[in-house]
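# An overview of the molecular structure
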Amino acid sequence: GPSQDETVSQITGNLMCSCGCPHIIKQCGDECGLAPELVQEIAQLVAAGKTQQEVYANFEAKYGPSVRAVPTAEGFNLLVWIVPFVGLFVGVLVIIMVVKKLKPDRPAEEIQQVPPKIDKKYRRLLDRELKR
């Protein structure tokens, strides 16, 4: 697999510097006091055995989703951008299905299946109870 340095380099190429300049960390020059700190932070996370995904998640949690650089249309990066939307879509579908299941459209059918004799019997009992 890639060395730690290569991994750090890939990650710094995929994350925006959070100093407010429009550059990725890798391109944010020495005039930025934050970039070297971010590189250091990434290096520490990688050294601790974090995957690129975990590092990105960590940075997004800390600096917000805008820390993600503009996606390049390469498989992995594309997935990173598509998956949350797919997840959202699936989530919405699941909610719709659950809500449909919870809707009481079943009981109506069940009531119709009750034979009328039983229905009359219960009605009579009910009437008797109510007349007391």
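Keep in mind that this is a model prediction, so the values were computed, not measured.

To continue, consider the overall build of the chain. Tallying secondary structure elements over the chain gives six helices and zero strands in all. Overall, the chain shows an N-to-C arrangement of helices and strands of α-α-α-α-α-α. A buried classification covers 22% of the 132 residues belonging to the chain. Approximately 10100 Å² of the chain is accessible, and the part contributed by carbon and sulfur atoms is 61%.

The next subject is the side chain of Thr 7. Of note, Thr 7 is situated in helix H1 (residues 4-12). Setting aside its immediate chain neighbours within four residues, Thr 7 contacts Pro 2, Val 46 and Gln 52.

A few words now on the pattern of salt bridges. Under the counting rule described, the total for this entry stands at one salt bridge. Where Glu 41 meets Lys 62, a salt bridge forms, and the shortest distance between an N and an O atom there is 2.8 Å. One end of the pair, Glu 41, is in helix H2 (residues 34-47); the other, Lys 62, is in helix H3 (residues 52-63), with 21 residues separating them in the sequence.

Okay, the confidence of the model for the chain next. Of the residues in the chain, 77% have a pLDDT of 70 or more, and the chain-wide mean is 78. Mean pLDDT across the secondary structure elements of the chain bottoms out at helix H5 (residues 106-113), with 56, and peaks at H2, with 93.

Let us now look at H1. Listed in full, the buried residues belonging to H1 are Thr 7, Val 8, Ile 11 and Thr 12. Axial view of H1: buried residues confined to an arc of 130°, hence all on one face. Its buried side turned inward, H1 meets H2 and H3.

This brings us to the packing of H2 against H3. Interaxial distance between H2 and H3 falls to 10 Å at its minimum, and their mutual angle equals 135°. Viewed along their axes, H2 and H3 adopt a mutual orientation that is oblique. The way H2 lies across H3 gives a crossing that is right-handed. Only Val 55, Asn 58, Phe 59, Lys 62 and Tyr 63 of H3 make contact with H2, whose side of the interface consists of Leu 38, Glu 41, Ile 42, Leu 45 and Val 46. For the contact of H2 with H3, the per-class residue count stands at seven nonpolar, one polar and two charged.

Taken as a whole, this structure holds zero disulfides when the rule is applied. Cys 17 takes part in no disulfide bond, and the closest cysteine sulfur to it belongs to Cys 19, at a distance of 3.6 Å. By relative accessible area, which is 4% here, Cys 17 ends up buried. With no disulfide of its own, Cys 32 lies closest to Cys 28 among cysteine sulfurs, the gap being 3.4 Å. Its relative accessible area of 7% is what places Cys 32 among the buried residues.

Moving on to the packing of aromatic side chains. The tally for this structure, following the rule as stated, stands at one aromatic pair. Ring centres of Phe 59 and Tyr 63 lie 5.3 Å apart, and the angle between their planes is 45°; this geometry places the pair in the tilted category. Taken together, the residues Phe 59 and Tyr 63, both in helix H3 and four residues apart, mark about one turn of the helix. Assessed through its relative accessible area of 0%, Phe 59 is described here as buried.

The rules behind these values
Residues numbered from 1 in each chain as written. Predicted model: local features only at pLDDT ≥ 70, side-chain atom pairs only at ≥ 80, totals over all residues. Heavy atoms only, no water. Helix = DSSP H or I, 4+ residues; strand = E, 2+ residues; numbered from the N terminus. Buried < 20%, exposed > 50% of the residue type's maximum accessible area, 1.4 Å probe, protein only. Areas by Shrake-Rupley, 256 points an atom, 1.4 Å probe, with all protein chains shown as cover. Contact = heavy atoms within 4.5 Å. Salt bridge = Lys/Arg side-chain N within 4 Å of Asp/Glu carboxyl O. pLDDT = per-residue confidence, 0-100. Arc of directions from axis to C-beta. Axes fitted to C-alpha atoms, helices over the stretch in contact; angles between N-to-C directions. Parallel < 35°, antiparallel > 145°, perpendicular 65-115°, else oblique. Left-handed = near helix turned anticlockwise from the far one by under 90°. Nonpolar A, V, L, I, M, F, W, Y, C, P; charged D, E, K, R; others polar. Disulfide = S-S within 2.5 Å. Phe/Tyr/Trp six-rings, centres within 6.5 Å; stacked < 30°, edge-to-face > 60°.

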